[in-house]
Each structure stands twice: as structure tokens, then as C-alpha cells.
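# Breakdown of the fold
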Amino acid sequence: MKVVLIGVGQAGGKVTQSLTQFDYDMGFDAVRGALAVNTAKADLQNLDIDTALIGQDRVKGHGVGGDNELGAQIMQENTTEILDELDGRITTEAEALVVVAGLGGGTGSGGAPMLARELKRIYEKPVYVLGILPGRDEGGLYQANAGRSLKTAAREADSLLLVDNDAWRGSGDSVADGFKRVNDAISQRVGLLFASGEAVEGVGESVVDSSEIINTLRGGGIASIGYASAEASEDAGENVNTITSVTRKALLTSMSLPNAVKADSALLVVAGDPERLSRKGVERARRWVEDQTGSMEVRGGDFPLGSDKIASLIVLSGVERSERIQEFMDRAREAAESQGATTDPDEFTNDELDGLF
Ligand code: GDP
């Protein structure tokens, strides 16, 4: 799937850069353009991709300091400028636009949903938000900001692909190491997903194409992604169990939103050397995903890659009614209240999320 990435805020810019780099290093060429937008000049100076500084008249390049309402306002005031920047980058070949942001900060939290809305208004392409949830030990302002941003992003985007900052962090990681590890994990998983839709027709028996990714996400709401790999035998027949076990591992231990398995639809991509992939294994794994997710809409396909390993990549769509999201919304509400905000009792519930779709 050919994509154009727009990173908003610090995390958005860093993850956009890391995804672009992964795609380039792997030679996939699925990322056709990338732009990082921020109100903080210093954050943009650390990036190698193209950048746009906005809101200088308001914050003089110093960022919005966690004020996501100001982040949203500045984005709104500058959409024309950003759309102009994007004009030459979003060509007809781009199949989807992906806005990337940390939902707990200010610029990305407020700006990403606003930008997604504008992009949807202008382009007849799916607009996804790749959003990062703050980890449990991050401050109350981050939790409260992310609660609001999550709901707005889920409403405005065609799908909100969520990554929980606690999902892939190592237990002994420093904050910087933790971010690096999470960003690398995002790049590999999401980068492979984009690239899987670019697989060459005829190489695999049943390759995935972009429309399957788009159709899996079509129901909207919140999506998650997971991945696991293992050494494969040279004999495809011996890999039936390898495929089912990496699929179990991907779904049960590696999702970007842990413990959220029930889904409306799903996509299972099995990557590996076509000579080593077992059709029976892929089909068995796909049926297992159907059972686990309770979804009758589980798409499956191969991604031919020259590798000694076999990997399963899983995308779940429609996971917003999960306990994990409710748990997060409770955390966000408590944080908002302890900051002195009066919250509408319905504001931080899954029920309201339900009502959005
Ligand atoms: P903004 O620049 O105002 O949009 O704010 P940030 O992008 O710094 O957003 C803060 C949120 O993003 C917090 O929840 C941080 O934990 C998270 N964050 C910041 N940098 C990174 C990063 O490099 N990787 C990840 N995964 N999360 C980050």
C-alpha cells in the first residue's frame, strides 16, 4: 500500500522518520512521501525528513507545552499552509494518508485529529491516524490529553491504529531506550503492513494487496497490530505448526493494544520464503484467528520475502469495545478530574465511543 506519512508533534515526527527509514532500508518503497509538522522548532531540527514549522506567530517556535487545545487551534489556523506543503507529495499513486502522533502531548494530540479531518475533506483516499497512547507511568496531563484525542481521532479518521507505549517497552528500559524500542517496533510492524500490500503478484500463491488492508480497516474505529516470527524449516510441510504457533504468539503476546482480542474484522499476513510457506498452515492459522477474535471477517494472505524465517503480522479492526480501552478511558478520566477539570460522566466511556461508529 503506497502511503504518504504526516507526523504531527515530537513523537509523530520521530515515528514518521523511523518508518520512512525502515521502508527505505528494506527497499520496499511503500512510503511515497513524508512530512513532519510541529510548533516546536527544536524538535524539527533533529529530523532528516522534510518539515513544516507552524504557529510561530502564537508560540514563537517553542511548542504548545502540552496544551492540546492550542495544538488543535494552531493546526486549524494553518491547514491551508500544510495542505499546500502536501500538494506535490500526495500524488494519485498514494493509496492512503497516515497522520502519525503521540496522543498524550499537545501539538500531535490536538493537531492530528484536526489534520485528519481536513485531509478527509480534500482527498478521496483513506486517512488513518497512527496514534501513540501514553504508558501508565506517564503524567496525568498526558493521560487526560490522550483520552480526548483518542475519541476525536477515532471519529475523524477512517481508522485509528493505536499503539500503547507500554506494549513493547522492555522492563529495564530508560525512557529514551523505551521510545527507541517502541519506535523500532512500530516501524517494523507498520512498515511491513504497508509493504505487504505491495507484494508482487504471482510470486506468492495468495499475496495480500492494498485493498485487503483498506477493507479490513473499512469498519472504522480503533485498530491494533501485532507480529511474531520464528525460524522456518526448508520443507513447507513441516511449517504448518510454525505458522500456527507464530500466529498465536502474535495475537496473544505482541499486539500494540494488549489484551484486546475481540474484533470486528482482521487481517493475517504470513511472510516468508514462498517455498517454505504452507497453504494449509496459513488457512489453519486464519481459522484460529476467526475463533479468537469472534469475527467472521478475517482476511489472510502471503507476503513473499527472501528470509529463513516465517512471520505472522496481524491487524485487528474494531477493538474499541475492549476492556483495555475502557481501562485507559478510566485512567484518562481520573487524570482529567484530578487536574480540576469537570468531566461529563459519559465523556470517558466506551459507550460513547460506541456511539461514534
Ligand atoms: P507534542 O510534540 O506536543 O505533540 O508532544 P509529544 O509528541 O512529545 O507527545 C507526548 C506523548 O508522546 C507522550 O505520551 C510520550 O510518551 C510520547 N512520546 C514522545 N516521544 C516519543 C517517541 O519517540 N516514541 C514514542 N513511542 N512515544 C513518544
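Calculation criteria
- Along each chain, the written sequence defines residue order, and numbers are assigned to residues from 1.
- Two thresholds apply to this predicted model, a pLDDT of at least 70 for residue-level local features and 80 or more for giving and counting side-chain atom pairs, whereas whole-chain, interface and lining totals are computed over all residues.
- Working from all heavy atoms in the structure, the side-chain values ignore hydrogens and water.
- In this text, buried Ala, Val, Leu, Ile, Met, Phe, Trp, Tyr and Cys residues form a nonpolar core when linked through side-chain atoms within 4.5 Å.
- Exposure classes here rest on a 1.4 Å probe applied to the protein chains alone. A residue is buried below 20% of its type maximum, exposed above 50%, and partly exposed in between.
- Numbering goes from the N terminus for both helices and strands, where a helix is a DSSP run of H or I of at least four residues and a strand is a run of E of at least two.
- Residue ranges for the domains originate in an automatic or database domain assignment.
- The criterion for strand pairing is that DSSP finds at least two bridges linking the strands in question.
- Note on geometry: axes are lines fitted to C-alpha atoms, helical ones only across the stretch in contact, with angles between N-to-C directions running from 0 to 180 degrees.
- Two residues form a contact once any of their heavy atoms are found within 4.5 Å.
- Oblique is the label for any angle not under 35 degrees, not over 145, and not in the 65 to 115 range, which are roughly parallel, roughly antiparallel and roughly perpendicular in turn.
- The crossing is said to be left-handed when, going from far helix to near helix, the turn is anticlockwise and less than a right angle, and right-handed when the turn is clockwise.
- Just so you know the grouping, Ala, Val, Leu, Ile, Met, Phe, Trp, Tyr, Cys and Pro go in nonpolar, Asp, Glu, Lys and Arg go in charged, and all remaining residues, Gly too, go in polar.
- UniProt positions are given in the numbering used here, feature names are shortened, and annotations may be inferred rather than shown by experiment.
- Salt bridges are counted wherever a side-chain nitrogen of Lys or Arg sits within 4 Å of a carboxyl oxygen of Asp or Glu.

What follows deals with the nonpolar core. Buried together is how nonpolar side chains tend to be arranged in soluble globular proteins. Ranked by internal contacts, the top residues of the largest apolar core, which has 67 residues, are Leu 119, Leu 150, Leu 162 and Ile 222. Among the elements that take part in this core, helix α6 (residues 107-122) stands out by supplying 5 residues, more than any other. Of the residues that make up this core, three or more belong to each of domain 1 (3-197 + 323-356) and domain 2 (219-317). Leu 5, Leu 192, Leu 193 and Phe 303 belong to the second-largest nonpolar core, a separate cluster that totals 45 residues.

The subject of this paragraph is the sheet that holds strand β8 (residues 265-272). Pairing is mixed across the open sheet formed by 10 strands, whose spatial order is β3-β2-β1-β4-β5-β6-β7-β10-β8-β9. The outermost strands of the open sheet, each flanked by one partner alone, are β3 (50-53) and β9 (298-304). When strand polarity is set aside, the average angle formed by the axes of neighbouring strands in this sheet is 25 degrees. Strand direction decides the pairing type here: strand β6 (residues 159-164) and strand β7 (residues 222-231), joined by 2 bridges, are parallel. Its bridge partner lying in β7, Leu 160 is registered against Ile 222. Across the sheet, α6 lies against β1 (3-8), β2 (31-38), β4 (96-102) and β5 (127-133), angled at about 165 degrees from β4, the strand it touches most.

In this structure, Asp 29 takes a positive phi of about 60 degrees despite not being glycine. For Asp 29, a relative accessible area of 45% corresponds to the partly exposed category. Within the chain, Lys 60 stands out as a residue other than glycine whose phi angle is a positive 55 degrees.

Right, let's get into the side chain of Glu 290. Position of Glu 290 relative to the elements: it lies in helix α11 (residues 279-293). For Glu 290, a relative accessible area of 17% puts it in the buried group. Excluding residues that lie within four positions of it along the chain, Glu 290 makes contacts with Ser 295, Met 296 and Val 298.

Turning to the packing of helix α5 (residues 79-87) against α6, a few remarks are in order. For the pair α5 and α6, the least separation of the axes is 11 Å and the interaxial angle reads 60 degrees. Judged by the angle between their axes, α5 and α6 are oblique. As for how α5 packs across α6, the hand of that crossing is right-handed. When α5 is examined against α6, the residues Thr 79, Ile 82, Leu 83 and Leu 86 are found in contact with a partner set consisting of Leu 115, Glu 118, Leu 119 and Ile 122. For the contact of α5 with α6, the class distribution of residues is 6 nonpolar, 1 polar and 1 charged.

The next thing to look at is the UniProt feature "binding site: GTP" (unreviewed entry) in the chain. In the numbering adopted here, UniProt assigns the feature "binding site: GTP" (unreviewed entry) to Gln 10, Ala 11, Gly 12, Gly 13, Lys 14, Gly 106, Thr 107, Gly 108, Glu 138, Asn 165 and Asn 183. If near-sequence neighbours (up to four positions away) are discounted, Glu 138 is found in contact with Gln 143 and Asn 165. In this structure, Asn 183 sits in helix α8 (residues 175-196). Those residues in contact with Asn 183 that lie beyond four places of it in its chain are Lys 14, Val 15 and Ser 18.

Before going further, it helps to examine the pattern of salt bridges. Tallied over the full model, the rule gives 27 salt bridges. In this structure, Glu 118 engages Arg 121 in a salt bridge whose closest nitrogen and oxygen atoms are separated by 2.7 Å. Here Glu 118 and its partner Arg 121 are both found in helix α6, 3 residues apart, which amounts to about one turn of the helix. Here Glu 118 falls in the buried class, since its relative accessible area comes to 12%. The partner of Asp 158 in a salt bridge is Lys 120, and the shortest N-O contact between them spans 3.1 Å. Of this pair, Asp 158 sits in the loop between α7 (140-156) and β6 while Lys 120 is found in helix α6, placing the two residues 38 residues apart along the sequence. Here Asp 158 falls in the partly exposed class, since its relative accessible area comes to 24%.

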